[in-house]
Structures are given as C-alpha cells and as structure tokens.
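Spelled out from the first residue to the last, the chains are:
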Amino acid sequence: MKILITGASSGLGAELARQYASPQNELILLARREDKLYSLRKELFEICKSVEVIVADVTDFQTLQEKIQTITSLDMVILNAGISLGHSGNSEYIPTIEEFENLYRVNVLSSHAILEILLPLFKAQKSGKIVFISSLASLFSMPSSKIYSSSKRALNAYAEGIRYKYNRYGIKVINILPGFIKSELTDKNEFNMPFLLETNIGVSKIIKAIQKNKRTYIFPLRFYLIIRLLNLLPSILREKIVNSIA
C-alpha cells in the first residue's frame, strides 16, 4: 500500500509512519521540518518497501501542489497536519487575525490544496482512501479553543461533502475525531487533559478505525459521551457549566 502522511515530522504523523512501516508499504512523508523528516526516513528505511520525503510547508499552497503533483499513484492519504494556539488560562487574550488565518490555512485549506491534486488521481484509479484527522474539540467549543474547534468543525463539514461526492468512484473517506493524545500539539495546553492517551495507543486506535473503513470514528468513548451530554443540556445551563470551568 502506498500512503501519503502529512504533518509526518512529529507527533501523530511520525507515529502513524512508524506503525505503517512494513515491507508491504510505501510511505511518502510530508512536513516542513527537513531534519526531522530525514531522521524518520533513516529510522524506517530498512523496514519499508520504500520511504519518500517531501519537504513542504502546507501553507505554501503553490509549492505544496507542485510537489504533490509528482505522485502518480497512491492508495491512501492521511491529512494529519494541524496546529493549535494552545489552551491557555489567560481568558483575556484575543488571538490576532494572523494567528487565526494561519491556523485555518494549516487545519482546513491545506487539505483542499492537497486534494485538488489527488482527487482526480483517485477518481481515475476508481479507488483511494482519504483520512481526515479532525478532533473531538470540533463537537464542543471551549472559550480557550474557539478558533481551533471551529477549524476542525469546518474540516468535518468538508470531509462530509467530499464523501458524498466521491463515494460513487470507489473513494473511501474516513473522519477521525480523537480526544487528547500526547504530541507537540497537546504539549501547549496548560491544563489537565482528561483521558489523555499515549501517542502509540492513540495512533493504534486510529489505524484500526482506518482498517475497518469507519466513516467517522470518535474516541475515547467516555469523553465523547460527556460532550454529548453537555450538548443535550439547555443552553443557559451549558453556558454556566462552561464558564465555571473555563
């Protein structure tokens, strides 16, 4: 299987590469940090059928698309690249428009920049698997994560539309909504993260969901049920609860 993984230099992306590394798989690892990518390639080179590195900033859409254009066949793309602004206890801080724009460029627009190139390829093949790495945060927006949550909610809507349109061509679309998993992204958070998973455990769950072709996979279940319960409460009560813990 030939797999493209974005955001592959660390965190979930690097662990996805490690867990997919096998003599049967060809990996294409994409990220902007060249040293980390080549270090990972060196680690996995003897395990995999092949390991290719693409050094690109996913917000540089023109360069990104030029490099993706060189891919002539592919079985799966895992759209993992993502950033957050961190969940800070400083409720007075207002993110700048530059921070807002950059987060959306990474978390949402880069996925379309990549798929603009790959969708015609998958369509011609009449096969392909597209995996979006969204977040449980897309289902409930805390004051400290409003921009991140909104970006992942937008990603959910985009993934849904892609699924409806391209299912007829044999293209499978999988949307993964994990809770907290140890990574550089969660390291920014300045609070106790409920149900925090070790990176290898979280990624193992993601891979099992991909293997089962789950359209949407949300985990951990306990965390998801808490969010579902909060969303069922009257808005006034929900607001009081959020304000008491935010």
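Residues numbered from 1 in each chain as written. Predicted model: local features only at pLDDT ≥ 70, side-chain atom pairs only at ≥ 80, totals over all residues. Heavy atoms only, no water.

Let's talk about the pattern of salt bridges
Here is step 1: Taken as a whole and assessed by the stated rule, the structure comprises four salt bridges.
Here is step 2: For Glu43, the salt bridge identified is with Arg18, shortest N-O distance 2.8 Å. Here Glu43, found in helix 2 (residues 34–44), pairs with Arg18, found in helix 1 (residues 11–20); they are 25 residues apart in sequence, far enough to count as distant.
Here is step 3: Judged by its relative accessible area of 40%, Glu43 is partly exposed.
Here is step 4: For Lys49, the salt bridge goes to Glu26, with nearest N and O atoms at 4.0 Å. With Lys49 in the loop between helix 2 and strand 3 (50–55) and Glu26 in strand 2 (residues 26–31), this pair connects stretches of sequence that are 23 residues apart. (Salt bridge = Lys/Arg side-chain N within 4 Å of Asp/Glu carboxyl O. Helix = DSSP H or I, 4+ residues; strand = E, 2+ residues; numbered from the N terminus. Buried < 20%, exposed > 50% of the residue type's maximum accessible area, 1.4 Å probe, protein only.)

Some words on empty space enclosed by the protein
Here is step 1: Applying the stated rule across the entire model yields one cavity of 30 Å³ or more.
Here is step 2: Of the volumes computed, that of the largest cavity is approximately 30 Å³.
Here is step 3: Along the walls of the largest cavity sit Leu79, Ala81, Asn107, Ser111, Ile133, Lys152 and Leu155, which together make up its complete lining. (1 Å grid on protein atoms, 1.4 Å probe; cavity = no way out; pocket = protein on both sides within 12 Å on 5 of 7 lines; lining within 4 Å. Points joined across faces, edges and corners; volume = space filled by probe spheres on them.)

Looking at the sheet that holds strand 3
Here is step 1: Strand order in the open sheet formed by seven strands is 3-2-1-4-5-6-7, with parallel pairing between adjacent strands. Since the sheet does not close on itself, it has two edges, and those belong to strand 3 and strand 7 (216–219), each with one partner. Direction aside, neighbouring strands of the sheet carry axes that sit 15° apart on average.
Here is step 2: In terms of strand pairing, strand 2 meets strand 3 through six bridges, oriented parallel. Bridge pairing links Glu26 to Ser50 in strand 3.
Here is step 3: Contacts between helix 5 (residues 146–166) and the sheet are confined to strand 5 (128–133), strand 6 (171–178) and strand 7, with strand 6 contributing the most and set at about 160° to the helix. (Pairing = 2+ DSSP bridges. Axes fitted to C-alpha atoms, helices over the stretch in contact; angles between N-to-C directions. Contact = heavy atoms within 4.5 Å.)

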